[in-house]
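Examining the three-dimensional arrangement
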Amino acid sequence: QVQLLESGGGLVQAGGSLRLSCAASGRTFAGYAMGWFRQAPGKEREFVAAITWSAPYYADSVKGRFTISRDNAKNTVTLQMNSLKPEDTAVYYCASGRYGTDWARAREYDYWGQGTQVTVSS
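Okay, so let's go over this structure. (Residues numbered from 1 in each chain as written. Predicted model: local features only at pLDDT ≥ 70, side-chain atom pairs only at ≥ 80, totals over all residues. Heavy atoms only, no water.)

Digging into the packing of aromatic side chains
This model, assessed by the stated rule, comprises 7 aromatic pairs. Between the aromatic rings of Trp103 and Tyr109, the centroid separation amounts to 5.3 Å while the plane-to-plane angle is 65°, which identifies the pairing as edge-to-face. Tyr109 matches Trp103 in its accessibility class, with the two residues each being buried. By the ring-pair criterion, three or more aromatic residues cluster together here, those being Phe37, Phe47, Trp53, Trp103, Tyr109 and Trp112. Above the ring of Tyr93, the side-chain terminus of Arg45 is found at 3.9 Å from the ring centroid. A cation over an aromatic ring shows up here: Arg45 above the ring of Trp112, its NZ or CZ 4.8 Å from the ring centre. (Phe/Tyr/Trp six-rings, centres within 6.5 Å; stacked < 30°, edge-to-face > 60°. Buried < 20%, exposed > 50% of the residue type's maximum accessible area, 1.4 Å probe, protein only. Lys NZ or Arg CZ within 6 Å of the ring centre and 35° of its normal.)

Spelled out as C-alpha cells, the structure:
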C-alpha cells in the first residue's frame, strides 16, 4: 500500500509559477513510476506529466512550462509549473504505479492522492 499526499496548490495570476509536491509513504518509492494528472470542472481527468526510473514524460499542453522531478531519498515527486495559464486551472492529482507501460493513461496507476487545487486567474 502506498499513501500519497499532495501540497503546494493555490491561486496565482497568469504567467506565474507554482510548485506542487507529492509525499509518498508505504512501499518502496524508487520502484514506482510517479505521475501528475489534473481534472478541471466538467472535464475528464487528463495526463500532465510522469517520471519513471529513467525519464520524464509530458503532455504537449505543458511541455516547456512544467518540470517533473523526483527525490527517491525523500520519497517525493515535484511538479514545477511556470508560465501558468488560466486553462491550467484544475485539481491536480499525484499517482503512482509499478507495472504499467503507458504512463499517460490513468488506468496504469495503482494509487492516487486526494488532489490539490490550482487556480490561475487571468
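Let's talk about the sheet that holds strand S1 (residues 2-7)
Sheet architecture is open: 4 strands sit in the order S1-S3-S8-S7, paired in antiparallel fashion. Each of the sheet's edge strands pairs with one partner strand only, and the pair in question is S1 and strand S7 (66-71). Between one strand axis and the next, the sheet turns through 15° on average, direction left out of account. (Pairing = 2+ DSSP bridges. Helix = DSSP H or I, 4+ residues; strand = E, 2+ residues; numbered from the N terminus. Axes fitted to C-alpha atoms, helices over the stretch in contact; angles between N-to-C directions.)

Topic: the state of the cysteines
Here a disulfide denotes one covalent bond, and it connects the sulfur atoms of two cysteines. Going through the model one piece at a time under the given rule, you end up with 1 disulfide. Here Cys22 is linked by a disulfide to Cys94, with a sulfur-sulfur distance of 2.1 Å. With the S-S bond torsion at -80°, the cross-link from Cys22 to Cys94 turns out left-handed. Here Cys22 is found in strand S3 (residues 18-26), whereas its partner Cys94 is found in strand S9 (residues 90-97), with 72 residues between them in sequence. Given a relative accessible area of 1%, Cys22 falls into the buried group. Given the relative accessible area of 0%, Cys94 is considered buried. (Disulfide = S-S within 2.5 Å.)

So yeah, pure geometry; function would need other evidence.
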